Amino acid sequence: QAKTQGRSRVCCYQPSMQIEVERRLALESDLRRAIEDDRLSLHYQPQVDAYGVIVGAEALLRWEHETRGSVSPAEFIPLAEESNLIVELGEWVLREACRCLQALDAERLPRLSINISPRHFGESDFVTCIERAVGSSGIAPERLFLELTEGVLIDHLQGAVDKMRELKRIGVGLAIDDFGVGYSSLSYLRRLPLDELKIDRSFVQELDDPNDAAIVQTIIAISQHLALDVVAEGVETDDQLAFLSANGCERFQGFFFHRPLTFSALARVLPAPNYMT
Ligand code: C2E
Ligand code: MG
Ligand code: MG
Ligand code: MG
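Residues numbered from 1 in each chain as written. Chains lettered and ligands numbered in written order. Predicted model: local features only at pLDDT ≥ 70, side-chain atom pairs only at ≥ 80, totals over all residues. Heavy atoms only, no water.

Side note on the coordination of the magnesium ion (ligand 3)
Argument step 1. Surrounding the magnesium ion (ligand 3) are the protein donor atoms Asp177 (OD), Asp178 (OD) and Glu233 (OE), at 2.0 to 2.6 Å.
Argument step 2. Mapping the donors of the magnesium ion (ligand 3) onto the primary sequence yields the spacing D-D-x54-E.
Argument step 3. Here the magnesium ion (ligand 2) and the magnesium ion (ligand 3) are spaced 3.5 Å from one another, each receiving a donor from Asp177. Here Glu233 lies in strand S8 (residues 229–233) and Asp178 lies in strand S6 (residues 173–179), a separation of 55 residues in the sequence. (Donors = N, O, S within 2.8 Å, 3.2 Å for Na, K, Ca; no water. Helix = DSSP H or I, 4+ residues; strand = E, 2+ residues; numbered from the N terminus.)

Structure (structure tokens):
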């Protein structure tokens, strides 16, 4: 008895777990410092229509770490999600995105999407935060799109719907990101004041699989029925593009067209500013 107990207790102090905890704590304090030291930046991945014309972009967070180089948001966003850091990060992204929209007029960059963490969305002053950022930057609110994940809808659907309505009153665009990978219940979709669905790149990349192809066709059909825009993310090949186009998708994002770009690289691929108007 004592022996098994002893053993199970030993189990709780596995050095590998200790290391993992320390690594996360170190990363978290690094991230906190990165926000203060301005080591974060936004990259911008263009979205195009069927002719390859840029119709918008998605802002993607980048962290240039002193020793570890470029750290992927897939690694640090989940970490930041566990603390209030994600709210600070979200506010930083929001301000930076508004600055980008301010710098590039609507003829050059019609709209820009930002990713919203469920935790940030859940803050009681989230709507005020968006309203203030849009208001103080003077941009047309329709140019800012918020990408929400199905995660924001799980716990408090009615609360989320109410918040989304308030956001629509401000005038920003609303999209569901990574559509299809979460708890996509079709019944909730009708209730949401949405503008757009984004097809997750995991489906786009497995289009050879008949199941994934069917899912993609279904998502496109749903968005058509609900009169929503649909964006395919992760488009890498002309075969994928051909399938998506043939099935009615008209908006694309992926390495086949553009990788995420720095602000100045984005400005170079956009049409030249028209100084006459
Ligand atoms: P996401 O919002 O689904 O963003 C799309 C991801 O797919 C980006 O990864 C983008 O670089 C990548 N991607 C786009 N086209 C292609 C392609 O053709 N092939 C491949 N292999 N990948 C492609 P990234 O930048 O690493 O971001 C990963 C995730 O981190 C994002 O997924 C988003 O959930 C999260 N994220 C990024 N920036 C932010 C942010 O500012 N705030 C929050 N809360 N989350 C963010
Ligand atoms: Mg996104
Ligand atoms: Mg996405
Ligand atoms: Mg995705």
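Brief notes about the site of ligand 1
Argument step 1. Every one of the 22 residues lining ligand 1 counts as a neighbour, but Arg62, Asn115, Arg201, Glu236 and Phe255 are closest to it.
Argument step 2. One of the backbone nitrogen or oxygen atoms of Leu61 is found 3.1 Å away from a nitrogen atom of ligand 1.
Argument step 3. In the complex, 84% of the free accessible area of ligand 1, which totals 800 Å², lies under the protein chains.
Argument step 4. Elements with a contribution of two residues or more to the shell around ligand 1: strand S2 (54–65), helix H3 (73–81) and S6.
Argument step 5. Considering every element that reaches the shell around ligand 1, the biggest residue donor is S2, with four residues.
Argument step 6. A per-class count over the shell around ligand 1 returns eight nonpolar, six polar and eight charged. (Near = heavy atom within 4 Å. Polar contact = N/O pair within 3.5 Å; in protein donor to acceptor, adjacent residues only side chain to side chain. Areas by Shrake-Rupley, 256 points an atom, 1.4 Å probe, with all protein chains shown as cover. Nonpolar A, V, L, I, M, F, W, Y, C, P; charged D, E, K, R; others polar.)

Some details on the coordination of the magnesium ion (ligand 4)
Argument step 1. For the magnesium ion (ligand 4), the full set of protein donor atoms is Asp178 (OD), Asp200 (OD) and Glu233 (OE), and the range of their distances to it is 2.2 to 2.5 Å.
Argument step 2. Here the magnesium ion (ligand 4) and the magnesium ion (ligand 2) are spaced 5.9 Å apart.

Some details on the packing of helix H6 (residues 126–137) against helix H8 (residues 157–170)
When two helices pack together, their arrangement is given by the angle between their axes and by how far apart the axes lie.
Argument step 1. Packing of H6 against H8 leaves a shortest axis separation of 10 Å and a crossing angle of 15°. Our classification of the angle between H6 and H8 gives roughly parallel. When the axes of H6 and H8 are compared, the crossing they make is right-handed. Between H6 and H8, the residues in contact are Phe126, Val127, Ile130 and Glu131 and Lys163, Glu166, Leu167 and Ile170, respectively.
Argument step 2. Each residue belonging to the contact of H6 with H8 can be placed in one class, and the counts come to five nonpolar, no polar and three charged. (Axes fitted to C-alpha atoms, helices over the stretch in contact; angles between N-to-C directions. Parallel < 35°, antiparallel > 145°, perpendicular 65-115°, else oblique. Left-handed = near helix turned anticlockwise from the far one by under 90°. Contact = heavy atoms within 4.5 Å.)

Here we look at the pairing of S8
Argument step 1. Of all the five residues making up S8, four are buried; the element is thus mostly covered by neighbouring parts of the structure.
Argument step 2. When S8 meets strand S9 (residues 251–253), the two strands line up parallel, connected through three bridges. Bridge pairing in S9 places Glu233 opposite Gln253.
Argument step 3. Assessed by its sense of winding, the connection that carries the chain from S8 through helix H12 (residues 238–246) to S9 is right-handed. (Buried < 20%, exposed > 50% of the residue type's maximum accessible area, 1.4 Å probe, protein only. Pairing = 2+ DSSP bridges. Right-handed = clockwise from strand over helix to strand, strands pointing away.)

Quick notes on the packing of aromatic side chains
Argument step 1. In the structure shown here, the tally under the stated rule is five aromatic pairs.
Argument step 2. Ring centres of Phe256 and Phe257 lie 5.1 Å apart, and the angle between their planes is 85°; this geometry places the pair in the edge-to-face category.
Argument step 3. Relative accessible area serves as the criterion here: at 35%, Phe256 is assigned to the partly exposed category.
Argument step 4. A connected cluster of aromatic rings, assembled from ring pairs, spans Phe252, Phe256 and Phe257.
Argument step 5. One Lys or Arg, Arg111, reaches over the ring of Phe145 and ends 3.6 Å from the middle of that ring. (Phe/Tyr/Trp six-rings, centres within 6.5 Å; stacked < 30°, edge-to-face > 60°. Lys NZ or Arg CZ within 6 Å of the ring centre and 35° of its normal.)

Details of helix H11 (residues 210–225)
Argument step 1. Counted at 1.5 Å a residue, the expected span for H11 with its 16 residues is 22 Å, and the 22 Å between its end C-alpha atoms agrees.
Argument step 2. Where H11 is concerned, the buried positions are Asp212, Ala213, Val216, Ile219, Ile220, Ile222 and Ser223.
Argument step 3. Contact partners of the buried residues in H11: S6, helix H9 (186–191), strand S7 (196–199), helix H10 (201–204), S8 and H12.
Argument step 4. Residue Asp209 occupies the N-cap position of H11, its side-chain oxygen lying 2.7 Å from the main-chain nitrogen of Asn211. (Expected span 1.5 Å × (residues − 1).)

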